[in-house]
Amino acid sequence: MEMSSLVAYEDSESEDDSLDQTEDRVSASVQTGSCEQNQEVRVCNSSELTLSPHSFTLDPDRSVLEYHRSVSKRSSSLLHPQPQSCFDRERKYCSDVTAQEKHFTDTTTPLSLSATQGKTSPLQTLPHKLQSCGDGFTPAKRLHTVPSGVRPYIPKRQRLATSAETVDLKYPAEQVQGNQTRESQILSEVSARVKPYLDRKAGAAGIPRRLLMSLGGHQGPVNTVQWCPVPHLSHLLLSASMDKTFKVWDGAESGRCLRVYTCHSGAVRDACWTPCGRHLLTGSFDNSAVITDVETGQQVVKLDNQFKVMCVVVHPSNPEVFLCGGYSSVIKAWDSRSCKVVKVYKAGIQQTLDILFLRGGVDFITSSDCVSRDSADRTLIAWDYQTTAKVSNQIYHERYTCPSLALHPLEESFVAQTNGNYMAVFSSQQPYRMNKRRRYEGHKVEGYAVQCEFSLDGTILASGSSTGAAHFYDYHNARSLHTLHAHGQPCLCVSQHPILPATAATCDWAGEIKVWH
């Protein structure tokens, strides 16, 4: 039995004569390039055309509906993910975005002409002829196209007029130098809102209650926001996102984005300022850690860790050294001057969620994702920086992971954010005992990488929440001071300003950043 090479749609006729006539009309219209209205191609020759698996179905309307239904399901899954841990949630987000991009590329792929590869298809010559037809039969003007690689001739009088227009005496800096002038002033300008507080003695920390500005521009979840630690540059706000970018904003006055950094090819999981305020340290899912110049945007150092980086931290007494942890059983200490690994800490765990240097940089604490029955000795681990030995692994004995850690600025203690929907307090001196009488409850974590942070005077402890709220606690009595309903999506980070009183920045899973005062 010989298989027919003609595939007809449902509304086409089944008679052989009508099919032959339709095929003759289609081939004739392609060869001549004529524009006939209300013309429909109903028959395809399977020996000449190879259909893409996602290009067409038997019903075009049904295919469009199925495509939009699939996109809506994917978008809803991005808004309400339900993985087990924060890394699984972020990895699921990245895989869903990749799959969505691939699906969109496949659905928009045109018919592949396998029989005419290496030749110019007649269909490629149609657009110029179709434009000459216009809406009806009135021919339009022919478009004059310049071949690639040939510079068109411009009269001298026109060139002089153009050069005179570009040099305007009103705005010489903006039109001649463009963005270079504004970018070079990122670290030279002092915000008028911050300047009055530079000479004052730091007062008591306050609680923000009103929205100052909303910063939009990221296309993915914002993992962290952080104010610049240098007082006269503290108006600069750093943000790192899953959209593979990190940005610096004016978070005190204008709220505009000062610079976008695109150094990574994967999601930027963590970012922080260096103590001098002139460089940024970032870690990404593309296995790299990068030190970037704030003003120029150039990469100073780029190091391959050979694992997905989830946390980066600068050594407090030696800013040339930083630690990287992530989806690996080891933690690496890098020297940015030699671009070499100077120390390796073997934890024997699946991944490191956060790293916290204790005062002086002699010891540091790491948190992992181990939640098995016998994993109480691997949830929080204290390390000796010099010898790479484990100082203590009997710190936290409950079966909850700790996605983030925060050091108290004055007292010898630190807190750990737990997936048990509370924050626990530990001593920062050996044997790092947990204070069982004090815990901070009221917010939700639920598998998100929710961060916590102290105010500059250490009296207020702030935390995000999976409900979208920002919670502020009294550190000494663990009492809830205020709950700020900040976002509609999970709030991942709350960063309190080091100079301005009662000012904080928040970010959420939807990619929005807000500044409160």
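Keep in mind it's a predicted model, so treat the numbers as computed, not measured.

*Asks:* In this structure, what is going on with the side chain of His443? I would like to understand it.
*Replies:* Assignment of secondary structure puts His443 in the loop between strand E23 (434–441) and strand E24 (452–454). You can call His443 buried: its relative accessible area is 1%. Here the side chain of His443 touches Tyr473 through a polar contact of 2.9 Å, side chain to side chain. With residues up to four places along the chain from it excluded, the contact list for His443 reads Gln417, Asn421, Tyr422, Met423, Ser463, Gly464, Ser465, His471 and Tyr473.

*Asks:* Which parts of the structure should I look at to understand the environment of Met213?
*Replies:* Structurally, Met213 is set in strand E3 (residues 211–215). With relative accessibility at 11%, the residue Met213 sits in the buried group. Met213 sits 300 residues away from Ile513 along the chain, and the two C-alpha atoms are 8.6 Å apart. With near-sequence residues (within four places) excluded, Met213 lies in contact with Asp250, Gly251, Ala252, Glu253, Gly255, Ile513, Lys514 and Val515.

*Asks:* Just checking my understanding: could you explain the pairing of strand E28 (residues 491–496) for this structure?
*Replies:* Within a regular beta strand, the side chains point alternately toward one face of the sheet and then the other, so they alternate between its two faces. Counting buried positions over the six residues of E28 gives six, a clear majority of the element. Here E28 pairs with strand E29 (residues 504–508) via five bridges, running antiparallel. Looking across to E29, one finds that Ser495 is bridged to Ala505.

*Asks:* Looking at this structure, I do not really get the nonpolar core. What am I missing?
*Replies:* Among soluble globular proteins, nonpolar side chains are generally buried collectively. With 23 residues, the main nonpolar core has Leu215, Val225, Leu237, Ala505, Cys507, Ile513 and Val515 as its most contacted residues. For this core, the elements supplying multiple residues, two or more each, are E3, strand E4 (222–227), E28, E29 and strand E30 (513–516). Sort the elements by how many residues they give to this core and E4 lands first, with three residues. Sequence-distant contacts of Val225, that is, excluding residues within four places in its chain, are made with Leu237, Leu238, Ser239, Cys493, Ser495, Ala505, Thr506, Cys507 and Ile513. Residues Leu233, Leu236, Val248 and Val294 belong to the second largest nonpolar core, which totals 19 residues.

*Asks:* Mind showing me how you'd approach the pairing of strand E27 (residues 480–485) here?
*Replies:* As paired elements, strand E26 (residues 469–474) and E27 share five bridges and run antiparallel to each other. Counterpart to Ala470 in the pairing with E27 is Leu484. Linking two consecutive strands that pair antiparallel, namely E26 and E27, is a turn of five residues; a positive phi of about 60° is found at Ala478 within it.

*Asks:* What am I meant to see in unusual backbone geometry here?
*Replies:* For residues other than glycine, phi is negative in most cases, and the peptide bonds are mostly trans. Note the cis peptide between Gln430 and Pro431, where omega equals 10°. Note that Pro431 resides in the loop between strand E22 (422–427) and E23. You will see that Gln306, though not glycine, has its phi angle at about 65°, which is positive. Among the structural elements, Gln306 can be located in the loop between strand E11 (299–304) and strand E12 (309–314).

*Asks:* What exactly am I supposed to notice about the sheet that holds strand E13 (residues 321–326) here?
*Replies:* The pairing of strands in a sheet comes from backbone hydrogen bonds and takes either a parallel or an antiparallel form. Here we have four strands laid out as an open sheet, ordered E12-E13-E14-E15, and antiparallel in their pairing. Every other strand in the sheet has two partners, leaving E12 and strand E15 (340–346) as the edge strands with one partner each. When the angles between neighbouring strand axes are averaged without regard to direction, this sheet yields 25°. Inspection of the sheet shows strand E14 (residues 330–335) paired to E15 by six bridges, in the antiparallel sense.

*Asks:* What is the right way to look at the sheet that holds E30 in this model?
*Replies:* The strand order across the open sheet built from four strands is E3-E30-E29-E28, with neighbouring strands paired in antiparallel fashion. The open sheet terminates on both sides in strands that have one partner only, identified here as E3 and E28. Adjacent strand axes in the sheet meet at a mean angle of 20°, parallel and antiparallel pairs treated alike.

*Asks:* What is the right way to look at the confidence of the model for the chain in this model?
*Replies:* In regions of low pLDDT, the predicted coordinates are not meant to be interpreted in detail. For the chain, per-residue confidence averages 76 on the pLDDT scale, and residues scoring 70 or more make up 64% of the total. The low-confidence segment residues 1–83, where pLDDT is below 50, has 77 contacts with residues more than four positions distant or belonging to other chains. The low-confidence segment residues 107–143 (pLDDT under 50) makes 35 contacts with residues lying over four places distant or belonging to another chain.

*Asks:* Where do I start with the packing of aromatic side chains in this structure?
*Replies:* Working definition: an aromatic ring pair is given by the centre-to-centre distance plus the angle between the planes. Applying the stated criterion across every chain yields a total of 13 aromatic pairs. Their ring planes at 10° and their centres at 6.3 Å tell us that Phe364 and Trp383 sit as a pair that is stacked. Of this pair, Phe364 sits in strand E17 (residues 363–368) while Trp383 sits in strand E18 (residues 380–384), placing them 19 residues apart in sequence. As far as burial versus exposure is concerned, Phe364 and Trp383 are alike and both buried. Measuring from centroid to centroid gives 6.4 Å for Tyr440 and Tyr475, while their planes differ by 15°, and the two rings are stacked.

*Asks:* I'm lost on the side chain of Gln417 in this one. Help?
*Replies:* Mapped onto the elements of the fold, Gln417 is located in strand E21 (residues 413–418). Polar side-chain contacts of Gln417 include one of 2.7 Å to the side chain of His443.

*Asks:* Would you mind showing me how to read the environment of Ser480 here?
*Replies:* Tracing the backbone shows Ser480 in strand E27. Sequence separation between Ser480 and Glu441 is 39 residues; the distance between their C-alpha atoms is 8.2 Å. When residues no more than four places from it in sequence are discounted, the contact partners of Ser480 are Phe472 and Tyr473.

What counts as what
- Residues numbered from 1 in each chain as written.
- Predicted model: local features only at pLDDT ≥ 70, side-chain atom pairs only at ≥ 80, totals over all residues.
- Heavy atoms only, no water.
- Helix = DSSP H or I, 4+ residues; strand = E, 2+ residues; numbered from the N terminus.
- Buried < 20%, exposed > 50% of the residue type's maximum accessible area, 1.4 Å probe, protein only.
- Polar contact = N/O pair within 3.5 Å; in protein donor to acceptor, adjacent residues only side chain to side chain.
- Contact = heavy atoms within 4.5 Å.
- Pairing = 2+ DSSP bridges.
- Core = buried A, V, L, I, M, F, W, Y, C linked by side-chain atoms within 4.5 Å.
- Axes fitted to C-alpha atoms, helices over the stretch in contact; angles between N-to-C directions.
- pLDDT = per-residue confidence, 0-100.
- Phe/Tyr/Trp six-rings, centres within 6.5 Å; stacked < 30°, edge-to-face > 60°.

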